[in-house]
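Summary of the model geometry
If you want the building blocks of each chain, they are given just below.
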Amino acid sequence: MLTLAIDIGGSGLKATVLDPAGEMTSERIRRETPYPCTPPVLLDELDALAATQPAYDRVSVGFPGAIRRGRVREVPAFSRRGPGRDPDPELVALWHGFELEAALRERFGRPVRVANDADVQGSAVVSGQGLELVITLGTGVGCAIFFDGVLLPHMELSHGRFGEGLSIEVACGDNQREEVGKHVWRARVLDALEALEAMVLPDHVYIGGGNAKKLDPDTLGPNRTIVPNISGLLGGIALWERTADVGDAPAPAVP
């Protein structure tokens, strides 16, 4: 069973093919994320990305937004006409309720499983012991929670407000990092980690995503581990083991 693993990010789209052990059998290919990124645009880009890869039997996709039963609930990155810009009502409407998993299954002609990108990355790195919190730092901020290795229902914890009223998603996102500089951004991330830990009370925290490498590991403190960004792809195998198959289950209406 070979798995096409796709990591959809606010700045880049990445793909590789994994063998049953989770080892990469092909070169990782990356394409820039286009903006504005509507559902048809994203599907075309992923189609082109998949064409660069060898044969595969199924598809795992990490998506930078809230996914419920394969359906998009919310995706802040693609609800804007460009990184750092305000949400666009037209794009919000296009993405809200979009049946992404079904659309990809039709495109690829293979079984497909879609989850939030932090959920996928966490599937590759958690130990399976106790309550584990996964944070991804990229264009925005993602969160995933696991209990004894079981992926819990996705919650957008990073949308909570802190500090001067900004959400964690915005304050610790890539646009603000470039605007305020690395020292202020690092301090914000540490504050955000404390806020998230106060809510979740995790036994361990894993920090991934493209901007995790911009942190100073010596300042993180105990029970926090930086994980490589490639975990967002390697989690494509574990995702099938940690999530139920809901492809044939009826999805409730999105309010």
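Fair warning: this is a prediction, and the values are worked out from it, not measured in the lab. Throughout this document, residue positions are counted from 1 along each chain, in the order its sequence is written. Confidence filtering applies because this is a predicted model: local features only for residues at pLDDT of at least 70, side-chain atom pairs given and counted only at 80 or more, and all residues used for totals across whole chains, interfaces and linings. To get the side-chain values, take all heavy atoms of the structure and skip hydrogens and water.

This part takes up the pattern of salt bridges. A side-chain nitrogen of Lys or Arg and a carboxyl oxygen of Asp or Glu constitute a salt bridge if their distance falls within 4 Å. Following the criterion strictly, the structure yields twelve salt bridges and no others. The salt bridge involving Lys 14 is made with Asp 7; its shortest N-O contact spans 3.8 Å. For Lys 14, a relative accessible area of 10% corresponds to the buried category. Linked through salt bridges whose partners overlap, the residues forming this network are Asp 44, Asp 47 and Arg 107. Throughout, exposure labels follow a simple rule: accessible area from a 1.4 Å probe, protein chains only, divided by the maximum for the residue type, with under 20% read as buried, over 50% as exposed, and the rest as partly exposed.

Turning our eyes to something else, we now look at the packing of aromatic side chains. Stacked, edge-to-face and tilted are the three classes for Phe, Tyr and Trp ring pairs, Trp counted by its six-membered ring, which pair at centre distances within 6.5 Å; planes under 30 degrees apart are stacked, over 60 edge-to-face, the rest tilted. Scanning the entire structure with this criterion turns up six aromatic pairs. Consider the rings of Phe 63 and Phe 78, whose centres lie 6.0 Å apart with planes at 65 degrees: the pair is edge-to-face. In this pair, Phe 63 is assigned in strand 4 (residues 58–63) and Phe 78 in the loop between strand 6 (71–74) and helix 2 (89–95), connecting sequence segments 15 residues apart. Each member of the pair, Phe 63 as well as Phe 78, is classed as buried. Comment: elements are numbered from the N terminus, with helices defined as DSSP H or I runs of at least four residues and strands as E runs of at least two.

Quick look at the domain arrangement of the protein now. Each domain's limits were defined by an automated method or a database of domain assignments. Taken as a whole, the protein is organised into domain 1 (3–117) and domain 2 (126–226). Here domain 1 and domain 2 have C-alpha centroids that lie 22 Å from each other. By definition, the buried area sums, over both parts, the 1.4 Å-probe accessible area that each loses when the two are put together. Both faces combined, the contact of domain 1 with domain 2 buries some 700 Å², and carbon together with sulfur accounts for 53% of it. Summed over the shared surface of domain 1 and domain 2, the number is zero salt bridges. In protein, a polar contact means a hydrogen-donor-capable atom and an acceptor-capable atom, both N or O and within 3.5 Å, with residues adjacent in sequence counting only if both atoms are side-chain atoms; elsewhere, any N or O pair within 3.5 Å suffices. Taken together, domain 1 and domain 2 are joined by four residue pairs in polar contact (both at pLDDT 80 or more). Among the residues forming the side of domain 1 that touches domain 2, the class breakdown is three nonpolar, five polar and one charged. Nonpolar residues are Ala, Val, Leu, Ile, Met, Phe, Trp, Tyr, Cys and Pro. Charged residues are Asp, Glu, Lys and Arg, and all others, Gly as well, are polar.

In this section: the layout of surface pockets. Its volume calculated, the largest pocket comes out at about 1,000 Å³. Looking at the largest pocket, it is lined by 49 residues, and the ones nearest its centre are Gly 10, Gly 138, Thr 139, Gly 140 and Asp 174. Elements that contribute at least two residues to the lining of the largest pocket include exactly strand 1 (3–8), strand 2 (12–18), helix 4 (117–125), strand 8 (131–137), strand 9 (141–147), helix 5 (168–171) and helix 6 (174–180). Each residue belonging to the lining of the largest pocket can be placed in one class, and the counts come to twelve nonpolar, 24 polar and 13 charged. Split by domain, the residues of the lining of the largest pocket number at least three in each of domain 1 (3–117) and domain 2 (126–226). In this analysis, the protein atoms alone were mapped onto a 1 Å grid. Cavities are point sets where a 1.4 Å probe fits without being able to get out; pockets are open sets with protein on both sides within 12 Å along at least five of seven lines; lining residues have an atom within 4 Å of a point. Grid points are joined across faces, edges and corners, and a volume is the space filled by probe spheres set on the points.

A turn of α-helix holds 3.6 residues, and therefore any two residues three or four places apart point the same way. Of all twelve residues in helix 8 (residues 231–242), nine are buried, a share of seventy percent or more. Turning to helix 8, its buried residues number three or more, namely Ser 231, Gly 232, Leu 233, Gly 235, Gly 236, Ile 237, Ala 238, Leu 239 and Trp 240. On its buried face, helix 8 is in contact with strand 1, strand 2, strand 4, strand 7 (112–116) and helix 4. The contact criterion used is simple: two residues touch if any of their non-hydrogen atoms lie within 4.5 Å.

The strand order 3-2-1-4-7 describes an open sheet built from five strands, whose pairing is mixed. Edge positions in the sheet fall to strand 3 (29–32) and strand 7, since each has one partner strand and no second. Mean inter-strand twist for the sheet, computed between neighbouring axes without regard to direction, equals 15 degrees. DSSP bridges decide pairing: two strands pair if at least two such bridges lie between them. The sheet contact formed by strand 1 and strand 2 spans six bridges and is antiparallel. Looking across to strand 2, one finds that Asp 7 is bridged to Lys 14. Each of strand 1, strand 2, strand 3 and strand 4 is contacted by helix 1 (residues 39–50), which is oriented at about 40 degrees to strand 2, the strand it contacts most. The angle between two axes is taken between their N-to-C directions and runs from 0 to 180 degrees, where each axis is a line fitted to C-alpha atoms and a helix contributes only its stretch in contact. Contacts from helix 3 (residues 100–108) reach strand 1, strand 4 and strand 7 within the one sheet, and its direction differs from that of strand 7 by about 145 degrees.

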